[in-house]
Number of protein chains: 2
Amino acid sequence: MEKKELFGRCPYVTAQKVLTGKWSMYILYLLSEGAIRFNELQRRMPEEMTHTTLSRQLKTLEKEGLIIRTEYQQIPPRVEYRLSEVGEKFKSVLSVLKIWGDEYILYLNKTKK
Amino acid sequence: MEKKELFGRCPYVTAQKVLTGKWSMYILYLLSEGAIRFNELQRRMPEEMTHTTLSRQLKTLEKEGLIIRTEYQQIPPRVEYRLSEVGEKFKSVLSVLKIWGDEYILYLNKTKK
DNA sequence: CCGGATCCAGCTAGATACTG
DNA sequence: CAGTATCTAGCTGGATCCGG
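Residues numbered from 1 in each chain as written. Chains lettered and ligands numbered in written order. Predicted model: local features only at pLDDT ≥ 70, side-chain atom pairs only at ≥ 80, totals over all residues. Heavy atoms only, no water.

1. A word on unusual backbone geometry
Now for step 1: Following Ile 75 of chain A, the chain continues to Pro 76 of chain A via a peptide bond in cis, the omega torsion being -5°.
Now for step 2: Inspection of the secondary structure puts Pro 76 of chain A in the loop between strand 2 (67–72) and strand 3 (78–83). (Helix = DSSP H or I, 4+ residues; strand = E, 2+ residues; numbered from the N terminus.)

Written out as structure tokens, the structure reads:
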């Protein structure tokens, strides 16, 4: 009996793995509104996140094929990030996720109080 | 200027945190088909996952309010897990996520080959 | 049958410093 | 402006053993 590797076969396990990064969903959300530059992205991220972390997460998402990095040869440098084709399709997940997330926050407030 | 804590305020960051567990989505998917006992759950999980890990993840999801644990006082013991009310609402996310996950797997196969 | 307690290894986010 | 290199601390998944 061989090992049951579900990554690449099960949509849930595969999606889970892609979304492990602590900020991946929020990054994808910001990118879902259009191409955005590195610094602008960082400014919109929570303060506790450093540019090192952001850079690493972006690289991971790029390697996974969800986002596309475009570098314009200028001085000063200009780099833009945007969703790839598969990344664009993820928008549908984001919209449903937003609805659920808001409901969950409501739930949290009800029980915490 | 105070710290911008987005958990509990931003739906994406909040959802992300809830779904950090390595198997959370897959567990929620299995539970989305109805109440299920511990052992049955474990049997449906990938082999590489031990009961210790499963137990811990279930406890986390229970604490987060996504699932409900019901213990029947019997010999031998019988424990069932099912989705809570907020957990049930997560099904909509799961269905969209499945669609995207499958598309992403297709994408992976196209590029890897 | 359904776990808890413990320990350990690996990952990864964050801090800091440096660069074209 | 947009990063990389390096180091560290903390989390967490997995293994093993014990228990009601």
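2. Focus on the sheet that holds strand 1 (residues 36–37) of chain A
Residue and element names in this part refer to chain A.
Now for step 1: Taking strand neighbours across the sheet as the criterion, the three strands line up as 1-3-2 in an open arrangement whose pairing is antiparallel. Across the chains shown, the open sheet's two edge strands, defined by having one partner strand only, are strand 1 and strand 2.
Now for step 2: Strand direction decides the pairing type here: strand 1 and strand 3, joined by two bridges, are antiparallel. Residue Arg 37 lies in a different strand from strand 3, and its bridge partner there is Glu 80. (Pairing = 2+ DSSP bridges.)

3. Notes on the nonpolar core
Now for step 1: Leu 28, Ile 67 and Trp 100 of chain A together with Leu 28, Ile 67 and Trp 100 of chain B are the most contacted members of the largest nonpolar core, which has 71 residues in total.
Now for step 2: Residues contacting Trp 100 of chain A, with those up to four places away along its chain left out, are Ala 15, Val 18, Leu 66, Val 86, Lys 89, Phe 90 and Val 93 of chain B. (Core = buried A, V, L, I, M, F, W, Y, C linked by side-chain atoms within 4.5 Å. Buried < 20%, exposed > 50% of the residue type's maximum accessible area, 1.4 Å probe, protein only. Contact = heavy atoms within 4.5 Å.)

4. Some remarks on the pairing of strand 3 (residues 78–83) of chain B
All names here are of chain B.
Now for step 1: Pairing analysis gives six bridges linking strand 2 (residues 67–72) to strand 3, with the strands arranged antiparallel. Its bridge partner lying in strand 3, Thr 70 is registered against Glu 80.
Now for step 2: Where strand 2 hands over to strand 3, the hairpin turn is made up of five residues, counted between the paired strands.

5. Quick notes on the UniProt feature "domain: HTH hxlR-type" (unreviewed entry) in chain A
Now for step 1: UniProt marks residues 10–109 of chain A with the feature "domain: HTH hxlR-type" (unreviewed entry), using the numbering shown here.
Now for step 2: Span residues 10–109 of chain A is 60% helix and 14% strand, its end C-alpha atoms 34 Å apart. (UniProt positions renumbered as here; feature names shortened; annotations may be inferred.)

6. Some words on the side chain of Glu 80 of chain A
All names here are of chain A.
Now for step 1: Tracing the backbone through its elements, the reader meets Glu 80 in strand 3.
Now for step 2: Using a relative accessible area of 16% as the deciding quantity, one classes Glu 80 as buried.
Now for step 3: Polar side-chain contacts of Glu 80 include one of 2.9 Å to the side chain of Arg 78. (Polar contact = N/O pair within 3.5 Å; in protein donor to acceptor, adjacent residues only side chain to side chain.)

7. A look at the protein's contact with DNA strand C
Now for step 1: Lining the immediate environment of DNA strand C, one finds 23 residues, of which Thr 50 and Thr 52 of chain A together with Ser 55, Arg 69 and Tyr 81 of chain B sit closest.
Now for step 2: The protein-proximal atoms of DNA strand C, defined as those within 4 Å of the protein, are 64% sugar or phosphate.
Now for step 3: At a separation of 2.7 Å, a base oxygen of DNA strand C approaches a polar side-chain atom of Thr 52 of chain A.
Now for step 4: With respect to DNA strand C, the side chain of Arg 56 of chain A contributes an N or O atom lying 2.9 Å from a base nitrogen.
Now for step 5: Within the residue set of the surface near DNA strand C, elements represented by two or more residues are helix 4 (51–63) of chain A together with helix 3 (38–44), helix 4 (51–63) and strand 3 of chain B.
Now for step 6: Residue contributions to the surface near DNA strand C peak at five residues, all from helix 4 of chain A.
Now for step 7: Broken down by class, the residue content of the surface near DNA strand C amounts to seven nonpolar, 10 polar and six charged. (Near = heavy atom within 4 Å. Nonpolar A, V, L, I, M, F, W, Y, C, P; charged D, E, K, R; others polar.)

8. Here's the deal with the relation of the copies chain B and chain A
Now for step 1: By a simple turn and slide, chain B fits onto chain A: the slide is 0.0 Å along the axis, the RMSD is 0.1 Å, and the turn is 180°. On this basis, the relationship between the two copies can be described by a two-fold rotation axis.
Now for step 2: A high fraction, 98%, of the interface residues of chain B reappear at the interface in chain A, so the copies pair face to face through one surface. (Least-squares fit on C-alpha atoms with pLDDT ≥ 70 in both.)

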